[in-house]
Amino acid sequence: METALKLAELKAAFLKEWPLERLEKMSLEEYSDDSGNSFCDWLDTKTIELGPVSRGLGHQFGIVFHYMEDEHYCPMEKGWKEKEGYAFPSFFGEDLKTAYETVRAEILRIAKAAENGDWETIAEIKLGSHEEVYLGDKEDGKQAFKWKIAFLYDKTNYLPPIFRLDELKAAVKKLGGKAEDNYLANYEYLAKKRGAEDVYRFSEDLQYLPLIKVLSNYKQQALQQLFEALKEKFPSEKGRFPANVVFTINNDKKIQLNINGGAISELWSKEGDFLRANFDECLVERQAENKSIAYQPNNVRNLERMVYDINFREKILDKLDVQSSTDKEMKKNGPSKSLENKQPNNQILFGPPGTGKTYNSINYALAILAGVDLEELNAIEKENNLEKAQQIFSELDLEGPFTTGREILRAAYTQYKKLGQIQFTTFHQSMSYEDFVEGIKPVLEEESEGNLSYEIKAGIFKQLAQLAAQNYSGENRLHAESSFDAAFAKFLAAWEADPKMAFSLRRANSEFQIYAIDQERGRIHFEKASGSRTHYLRLATLKEIFTGERDFNLKEGLGIYYQSILNTLEQYATDSKIEAPKNYVLIIDEINRGNISEILGELITLLEEDKRLGQKESLEIVLPYSKDEFSVPPNLYIIGTMNTADRSVEALDAALRRRFSFVEMPPRPELLENILVYGYAMEKLLWTINQRIERLLSKDHLIGHSYFLPIKNAEAPEKELALVVRHKILPLLQEYFYGDFGKIGLVLGQGFVRKEEETQIFAAMDYEPLMEEERFQLIPWAEVDLEIALAQLGLEKEA
């Protein structure tokens, strides 16, 4: 696995070789030649680990060095010329010198704009995307060249190493966003998702999504055979195919090899097996024909790289192995939405107060649990589409009636919570490691005889992590209800025949005995190895676990006793199937208000995606109280919310920032569209207030749209707005500005704030600084005329 450090060093090596100053004087030979060290070589092959650019023979470079022996070779037929060993489009100039100077000037513009973070200028530059330059039919490849240049000269690490539009859209979609046919919009979304995370680490699993998707159609052995055969047929020191050989993915997402312009299109049988004889036969035939080449614009450089770069091949096939095993498991156990998620394991929704962070955390959680895009849930909420919801949440019982789409999502959330797949908690200054992970706690359980005892209890996170781990590892076996009755009857008969039979406890390395089974009250009374008889097990709970109706932590507390009896019941069960893979979500509201280091402790390392259970770099720790080995499973997701106006934001642990993806939740004035009070648009009111706050403070202290949403359906909008301003907006501004009423007046105007009347309260003294100071005060609410105040705020009436 390539590390972020290695990729950063590769970018640094490029900049050392090609500083901006060198671009200004770069010669044509330096730009493109057969040395393997030209600017184009660095862009295309020497920095391939930072993301591919070319799919063809260099059309995007504008000027292509003529490296074929055939003197009549030209990479494009329409509008291209060939002079002095170079091919170039006449669009850039009639002679080679003019064409090159045009191309170099465009490259220099891109590099300088990237240094200044001027992405809009780069978006307007058309180097490589002119129809006269690029004759292919795929929009996704036209602009990759310029965006890779922009990435390499970007000093801010804003751009990720993803340059093709199809790969960029796939990355956005994987993370739950709406893919756009617009580079800037996609880059902006990824930047928000990444937050403070390292750009290389963030992008690593996103770069090769299209390639992995295509390769997943084929068997691993078949791919290995194909690549080894190609390497044998086309040995290359430079790691490239000959110029007349092009490796492609066709419109049917099939792998093709094009030789001399002819496609060998039947490399694969329907089962995905490699047809070696067919390949050899077609290869000999095409080479014998020796046709003049017809340019193929959709070469896939990474497929070529998998032939010559064994380490890269193994890296991709390793990712493919995960994909393939997942697919096999899904086919075995039926479709599982839970493994189709496109959201990161750890993310934080951040923004100023009132922007819907907690509100939206429910939607994010449901998208993870149902395995769908966030947009689909938002559409249900907007359109009140129960039928669509029933399709998405097919495992839930959503009957209704529902008057709003939000009620549908709330009902789904509630049911998932009852199933144990969602937990909600709020961090605060008193939250501790013992509450979140584990600690010694007093216990007075329902399944006890009322005695108080002290036990090592799992905290909120550990309980959910253990439930998720049970599901992930396939420990949970499900049975029909009738099977439980039959199995328990056999269990009961065996116990009655041997009342002193012992039940082992794997974790505690000890045994316990059942001394009474009270079927009338539904209880199993047992005696611990210590002789204690203070607890009992509920038959109803045992049945719910057995049939899969309830998730129960079988690794802590009474769970270890339920687990022991379940193991015995398994011997008598007539049916058995592993519980389908599921995801689990922990929502942590106000995550920045707790002492992160104290609450998470050693978990901060285990939260990383590659350190989780079953991953290549997975880690286990020994917990301090229970001495259990513990790791975090990959099917456990954490969604945090963070109020950026809270003064505890600065204390947010840097280690936490690195391990979470950050999703900005800004105010959305457009949600207040068509809401009028006294003829004034609430959308413009919020926009105006926030524009002023941002100028005086920062965007972290804006006011959210949710404060004004109740006005929309209020019977008396004027009264509702008065309540909002008086009890929410004014107190919030007083906190923001520490009681500086003059600044509040700059935001809200003279309808809410006025100068204090000058009164002589001090003793006579010649002290001008104090005497000249202007003081402001809030106008008492009884004196506020809200309609006039809105006008003085600077708004114009809509109607």
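Since this is a predicted model, take the numbers as computed values, not measurements.

Our next topic: the overall build of the protein chain. Helix and strand counts for the protein chain stand at 32 helices and 25 strands. In the protein chain, which comprises 799 residues, the share counted as buried stands at 50%. Partitioning the intrachain contacts of the protein chain with sequence separation of at least 6 by distance along the chain shows that 66% fall at a separation of at least 24. Accessible surface for the protein chain amounts to roughly 38,300 Å². Of this, 47% is attributable to carbon and sulfur atoms.

Assignment of secondary structure puts K148 in helix α7 (residues 144-152). Residue K148 is classed as buried on the basis of its relative accessible area, which comes to 0%. When sequence neighbours within four positions are dropped, the list of residues in contact with K148 reads L43, T47, I48, G51, V53 and F163.

So, on to the nonpolar core. In a soluble, globular protein the nonpolar side chains are often hidden away together inside. Among the nonpolar cores identified, the biggest contains 58 residues, and L23, Y31, F39, I63, F145 and Y153 are the most heavily contacted of them. Looking at this core, the element that brings in the most residues is helix α5 (residues 96-115), giving 10 residues. Setting aside anything within four residues of it in sequence, one finds L23 in contact with W18, F39, R104, I107, L108, A111 and Y153. I693, V725, L748 and L786 belong to the second largest nonpolar core, which has 37 residues in total.

A few words on the sheet that holds strand β12 (residues 502-505). Spatially, the 4 strands line up as an open sheet ordered β12-β13-β14-β15, and their pairing is antiparallel. Looking along the sheet, the strands with just one partner apiece sit at the ends: β12 and β15 (536-538). Adjacent strand axes in the sheet meet at a mean angle of 40 degrees when their direction is disregarded. Of the strand pairs in this sheet, strand β13 (residues 510-518) and strand β14 (residues 523-527) are connected by 5 bridges, and their pairing is antiparallel. From the neighbouring strand, I517 faces β14, where its bridge partner is I524. Against the sheet, helix α23 (residues 539-547) makes contact with β14 and β15, and its axis sits at roughly 55 degrees relative to β15, the strand it touches most.

Here we take up the pairing of strand β3 (residues 86-89). Neither face of β3 is open: one carries Y86 and F88, the other A87 and P89, and all of them are buried. Here strand β2 (residues 80-83) runs beside β3; their pairing, made up of 4 bridges, is antiparallel. Within the sheet, the bridge partner assigned to W80 lies in β3 and is P89. Between β2 and β3, which pair antiparallel one after the other, the connecting turn spans 2 residues, and E84 there sits at a positive phi close to 55 degrees.

In space, the 5 strands of this open sheet follow the order β8-β17-β20-β7-β21, with parallel pairing throughout. What marks the edges here is a single partner per strand, and that holds for β8 (422-426) and β21 (661-664). Mean inter-strand twist for the sheet, computed between neighbouring axes without regard to direction, equals 20 degrees. Strands β7 (346-351) and β21 of the sheet are contacted by helix α9 (residues 183-194), whose axis makes an angle of about 120 degrees with β21. Helix-sheet contacts for helix α21 (residues 460-472) involve β8, β17 (584-589) and β20 (636-643), and the interaxial angle to β17 is about 160 degrees.

Now for the packing of aromatic side chains. Each aromatic ring pair is described using two quantities: the centre-to-centre distance and the angle formed by the ring planes. Applying the stated criterion across every chain yields a total of 25 aromatic pairs. On the basis of an interplanar angle of 65 degrees and a centroid distance of 5.9 Å, the ring pair of F350 and F662 is categorised as edge-to-face. Taken together, the residues F350 in strand β7 and F662 in strand β21 connect sequence positions 312 residues apart. The buried category is assigned to F662, whose relative accessible area is 5%. Put simply, the rings of F484, F488, F491, F503, F512, F526, F546 and Y561 touch in pairs and so form one group of aromatic residues. In this structure, R22 packs its charged tip against the face of W18, placed 3.6 Å from the ring centre. Positioned above the aromatic ring of Y359 is the side chain of R406, whose terminal nitrogen or guanidinium carbon lies 3.6 Å from the ring centre.

What follows concerns the pattern of salt bridges. A full pass over the atoms with the stated rule returns 24 salt bridges. With a closest N to O distance of 3.3 Å, E17 and R22 form a salt bridge. Given a relative accessible area of 25%, R22 falls into the partly exposed group. Note that E670 and R668 form a salt bridge whose closest N and O atoms lie 3.0 Å from each other. Taking the relative accessible area as the measure of exposure, R668 reaches 39% and is therefore partly exposed. One salt-bridge network, in which partners are shared between bridges, spans E608, D610, K611 and R659.

Helix length check: helix α24 (residues 559-572) (14 residues) gives 20 Å between terminal C-alpha atoms against 20 Å at 1.5 Å per residue, within 8%. Burial in α24 covers these residues: G559, I560, Y561, Y562, Q563, S564, I565, L566, T568 and L569.

Let's shift gears to the environment of N182. Structurally, N182 can be placed in the loop between α8 (165-174) and α9. Among the residues examined, N182 registers a relative accessible area of 38% and is labelled partly exposed. Polar contacts involving the side chain of N182 include one to the main-chain amide nitrogen of L184, which spans 2.9 Å.

Definitions and limits used
- Residues numbered from 1 in each chain as written.
- Predicted model: local features only at pLDDT ≥ 70, side-chain atom pairs only at ≥ 80, totals over all residues.
- Heavy atoms only, no water.
- Helix = DSSP H or I, 4+ residues; strand = E, 2+ residues; numbered from the N terminus.
- Buried < 20%, exposed > 50% of the residue type's maximum accessible area, 1.4 Å probe, protein only.
- Contact = heavy atoms within 4.5 Å.
- Areas by Shrake-Rupley, 256 points an atom, 1.4 Å probe, with all protein chains shown as cover.
- Core = buried A, V, L, I, M, F, W, Y, C linked by side-chain atoms within 4.5 Å.
- Pairing = 2+ DSSP bridges.
- Axes fitted to C-alpha atoms, helices over the stretch in contact; angles between N-to-C directions.
- Phe/Tyr/Trp six-rings, centres within 6.5 Å; stacked < 30°, edge-to-face > 60°.
- Lys NZ or Arg CZ within 6 Å of the ring centre and 35° of its normal.
- Salt bridge = Lys/Arg side-chain N within 4 Å of Asp/Glu carboxyl O.
- Expected span 1.5 Å × (residues − 1).
- Polar contact = N/O pair within 3.5 Å; in protein donor to acceptor, adjacent residues only side chain to side chain.

Geometric descriptors of this kind do not, in isolation, establish any biological role.
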